[in-house]
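Fold and contact review
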Amino acid sequence: MSVTPPLHMPVDDTTARRKDAHLDLCAQEEVAPVENTTLFEQMFLVHCAMPELSADEVDLSTPLFGKRLKAPLLVTGMTGGTERAMQVNREIAQVAEAFGVAFGVGSQRAMAERPELTKTFAVRDVAPTTVLIGNIGLVQAVRLGVDGVRRLKDGIGADAIAVHLNPGQELTQPEGDRDFRGGYEIIGALVAALGAERVLVKETGCGLSPEVARRLVDVGVKNLDVSGLGGTSWVRVEQLRAEGVAREVGAQFSSWGIPTAAAVGTVRRAVGPGVTLIAAGGMRTGLDVAKALALGADVGGLALPLFRAHQEGGVPKVHDAMTTLVTALKQALMLTGSRTPAELRTKPRVVTGALKDWMASL
Ligand SMILES: Cc1cc2nc3c(=O)[nH]c(=O)nc-3n(C[C@H](O)[C@H](O)[C@H](O)COP(=O)(O)O)c2cc1C
């Protein structure tokens, strides 16, 4: 598996080194400030004292990118590009394979710049049947063009490529991008060339608004990951690396974004049923995932908790974290009397406070 380097991409290891600095910060620092909230705490599923269900009837299986997940869960893209990142990718992907859930690699920018780093993103040998999602930033996608992005996806045998949106992070990063023009155009071109079922557009912790989601659907997008506010803040991560003005402005914006619950509810309402919607950003429990499914998500995504589990205890800890997630999600379905996520969507829920306000305002 090799990727031909695009002529206009510089060959250096700055990108890969930055990814390792990000991993250090995410392993140790407070990258999800306490004031960040998904607003899932403002939503309640209603207890059903008579479920009339047997636990083995609960069916969590969910279609994604032409395959079927055993549970509606995705390990959202985190890393790649260094030896350490390779181990993170390979060991978490192995657990994803065992649980039949989806797995995303982190930004493949380093691989575009240095094709010999492909091996740090390659997990197909340990996750042969997993729904595997490649990853590239929007600005890099504009620079690489359709063929460059296709090579990233095919170079790791991915089922789809995620194009990530992160203007908040870029603006906080002193060396970050400042020009975000041409985004809808390249995404439309990718959908046309690769097929709508091979392209996912995701935020990275500041959330998708219904307006952006609608415009993306207008250019043909059929898979969205809202990655909203409430968990890892990339503005915060960059702020912790920055100095001077960038550090100060970053501090002011580290809780900037659309809370994940508000993004899921309002984006689903805006785009209708024909779009696959992933809820990520601060999802921490199976109950969070259940609430997201009830609000209209198809799949729940997590990054930081699984990365931290891996740092604490490798494969066994990630395995335990995944077991807890799936068990709690199943329990939430049982206790709402839902056999499937589709049934859960029809059940009563109570929406209060700020979440109710966001849903009414957007
Ligand atoms: C360590 C780490 C690295 C990440 N790297 C990327 C990345 O390279 N590309 C991307 O699209 N999102 C990246 N994300 C964002 C997640 O994919 C996702 O959008 C969001 O952070 C999930 O929220 P959570 O970390 O609160 O669970 C990263 C998240 C973490 C924690």
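Parameters at a glance
- Residues numbered from 1 in each chain as written.
- Predicted model: local features only at pLDDT ≥ 70, side-chain atom pairs only at ≥ 80, totals over all residues.
- Helix = DSSP H or I, 4+ residues; strand = E, 2+ residues; numbered from the N terminus.
- Rg over C-alpha atoms; globule rule 2.2 N^0.38 Å.
- Buried ≥ 20, exposed ≤ 12 C-beta atoms within 10 Å, placed from the backbone.
- Pairing = 2+ DSSP bridges.
- Right-handed = clockwise from strand over helix to strand, strands pointing away.
- Near = placed C-beta within 6 Å.
- Nonpolar A, V, L, I, M, F, W, Y, C, P; charged D, E, K, R; others polar.
- Core = buried A, V, L, I, M, F, W, Y, C linked by C-beta atoms within 7 Å.
- Contact = placed C-beta atoms within 7 Å.
- Axes fitted to C-alpha atoms, helices over the stretch in contact; angles between N-to-C directions.
- Parallel < 35°, antiparallel > 145°, perpendicular 65-115°, else oblique.
- Left-handed = near helix turned anticlockwise from the far one by under 90°.

Before going further, it helps to spend a moment on the overall build of the protein chain. Regarding its fold elements, the protein chain presents 14 helices and 12 strands. Against the globule reference of 21 Å for 362 residues, the protein chain gives a C-alpha radius of gyration of 19 Å, in line with a compact fold. Each principal axis of the C-alpha atoms in the protein chain carries an extent, and together these give about 65 × 45 × 40 Å. Expressed as a percentage of the 362 residues in the protein chain, the buried residues total 52%.

This paragraph deals with the pairing of strand β6 (residues 132-137). Summarising burial for β6: 6 of the 6 residues are buried, a large majority. Here β6 runs beside strand β7 (residues 160-164); their pairing, made up of 5 bridges, is parallel. Residue pairing across strands places G137 opposite H164, the latter belonging to β7. For the crossover from β6 across helix α4 (residues 138-155) to β7, the handedness is right-handed.

What follows covers the site of the ligand. In the vicinity of the ligand, 26 residues are found, and the nearest of them are T76, G106, H164, G231 and A303. Put simply, the parts of the chain that give the shell around the ligand at least two residues each are α1 (14-28), β7 and α12 (304-335). The element that contributes the greatest number of residues to the shell around the ligand is α1, accounting for 3 residues. Tallied by class, the residues present in the shell around the ligand amount to 10 nonpolar, 15 polar and 1 charged.

Turning our attention to the nonpolar core. Formed by 109 residues in total, the largest nonpolar core has its most connected members in A96, V163, L224 and V264. In terms of residue count, α12 provides more of this core than any other element does, 12 residues in total. Not counting residues within four places of it along the chain, the set of residues in contact with A96 comprises V75, V101, A102, F103, A127 and T130.

What follows deals with the environment of T79. Structurally, T79 can be placed in the loop between β4 (73-75) and α2 (83-99). In this structure T79 comes out as buried when scored by C-beta crowding, with 27 C-beta atoms within 10 Å. Between the C-alpha atom of T79 and that of S61, which follows or precedes it by 18 residues, the distance is 27 Å.

We now examine the pairing of strand β10 (residues 276-280). With 5 of its 5 residues buried, β10 lies for the most part within the structure. Residues T276, I278 and A280 of β10 are buried on one face, and the alternating residues L277 and A279, pointing to the opposite face, are buried as well. Of the pairings in the sheet, the one linking strand β9 (residues 223-225) to β10 comprises 3 bridges and is parallel in character. Across the sheet, the residue bridging to D225 is I278, located in β10. Of the pairings in the sheet, the one linking β10 to strand β11 (residues 299-302) comprises 3 bridges and is parallel in character. Within β11, the residue paired with I278 across the bridge is V299. Handedness of the crossover joining β10 and β11 through helix α11 (residues 286-295) is recorded here as right-handed.

Next up on the list: the environment of Q140. With respect to the helices and strands, the residue Q140 is situated in helix α4. A residue is classified by how many C-beta atoms lie within 10 Å of it, and Q140, with 24 of them, is buried. With 199 residues separating them in the primary sequence, Q140 and R339 have C-alpha atoms 42 Å apart. The contacts of Q140, once residues within four sequence positions are left out, are R109 and A112.

Attention now moves to the sheet that holds strand β5 (residues 102-104). Read once around its circumference, the closed barrel built from 8 strands follows the order β4-β5-β6-β7-β8-β9-β10-β11, with strand pairing classed as parallel. Strand-to-strand, the axes of this sheet are offset by a mean angle of 25°, without reference to chain direction. Bridge count between β7 and strand β8 (residues 199-202): 4 bridges; the pairing is parallel. Note that in β8 the partner of V163 across the bridge is V201. The sheet strands contacting helix α10 (residues 260-271) are β9 and β10, and the helix crosses β10 at an angle near 170°.

This part is about the packing of helix α8 (residues 234-241) against helix α9 (residues 244-252). Packing of α8 against α9 leaves a shortest axis separation of 8 Å and a crossing angle of 155°. Comparing the axis directions of α8 and α9 gives the class roughly antiparallel. Crossing handedness for the pair α8 and α9: left-handed. For the pair α8 and α9, contact is made by V235, R236, E238 and Q239 and by R247, G250 and A251, respectively. Tallied by class, residues from the contact of α8 with α9 come to 2 nonpolar, 2 polar and 3 charged.

In short, geometric facts, not functional conclusions.
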